[in-house]
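Below, each chain spelled out in residue letters.
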Amino acid sequence: MRQLLCCILECGYMDINSLDNLISEFSIELDYENIIREFGKTNINIFIYEAYEQIKDMFVNQNSEEIQRITGKDPNEVEYTIFTNYLDNCIYYKDEEIETLFQDWRSKIGG
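The structure contained in this document is the topic of the report that follows. (Residues numbered from 1 in each chain as written. Predicted model: local features only at pLDDT ≥ 70, side-chain atom pairs only at ≥ 80, totals over all residues. Heavy atoms only, no water.)

A surface patch of nonpolar side chains, about 350 Å² in accessible area, is lined by Met-1, Leu-4 and Ile-8. Mapped onto the fold, Leu-4 is located in helix α1 (residues 2-9). The class for Leu-4 is partly exposed, based on a relative accessible area of 47%. (Patch = residues over 30% accessible without salt bridge, like charges linked within 9 Å, V, L, I, M, F, W, Y side chains within 5 Å. Areas by Shrake-Rupley, 256 points an atom, 1.4 Å probe, with all protein chains shown as cover. Salt bridge = Lys/Arg side-chain N within 4 Å of Asp/Glu carboxyl O. Helix = DSSP H or I, 4+ residues; strand = E, 2+ residues; numbered from the N terminus. Buried < 20%, exposed > 50% of the residue type's maximum accessible area, 1.4 Å probe, protein only.)

Once that is clear, we can look at the nonpolar core. Within the largest apolar cluster, 30 residues are counted, with the highest numbers of intra-cluster contacts made by Leu-19, Ile-55, Phe-59 and Tyr-93. Counting residues per element, this core draws most heavily on helix α4 (residues 44-71), which supplies 11 residues. Beyond its immediate stretch of four places on either side in the chain, Phe-59 contacts Ile-67, Tyr-93, Ile-98, Leu-101, Phe-102 and Trp-105. (Core = buried A, V, L, I, M, F, W, Y, C linked by side-chain atoms within 4.5 Å. Contact = heavy atoms within 4.5 Å.)

With that settled, the discussion passes to the pattern of salt bridges. In total, this model carries four salt bridges according to the counting rule given. For Glu-25, the salt bridge goes to Arg-106, with nearest N and O atoms at 3.1 Å. In this pair, Glu-25 is assigned in helix α2 (residues 13-26) and Arg-106 in helix α5 (residues 96-109), connecting sequence segments 81 residues apart. As far as the burial class goes, Glu-25 and Arg-106 line up, both buried. The salt bridge involving Arg-69 is made with Glu-66; its shortest N-O contact spans 2.6 Å. You can see Arg-69 and its partner Glu-66 sitting in helix α4, three residues apart, about one turn around the helix. For Arg-69, a relative accessible area of 57% translates into the label exposed. Linked through salt bridges whose partners overlap, the residues forming this network are Glu-53, Lys-56 and Asp-57.

In short, geometric facts, not functional conclusions.
Below you can see the structure in the form of structure tokens.
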């Protein structure tokens, strides 16, 4: 079964574990059918990216007051980057204080 998933998702088995760990760590759910419909393919990087989008939303929702205090901006307008390249994937914030806040928040979540 794992071999079939790797073929469908165009990845290795460790990539599947990486996505599964993100989903478990943050207790998120992905709407796979909608993602496939939206992007027209099943590459695992798309699913990892979408998982990080949900993680970003969780972080912003749970830390909006602190983000606004630090930046003086709407928390939804804070610059961030989601990088996905199979096992090498991450989200990071361009503002160093926000990045520190994110890493602290992530460590409390379980990461």
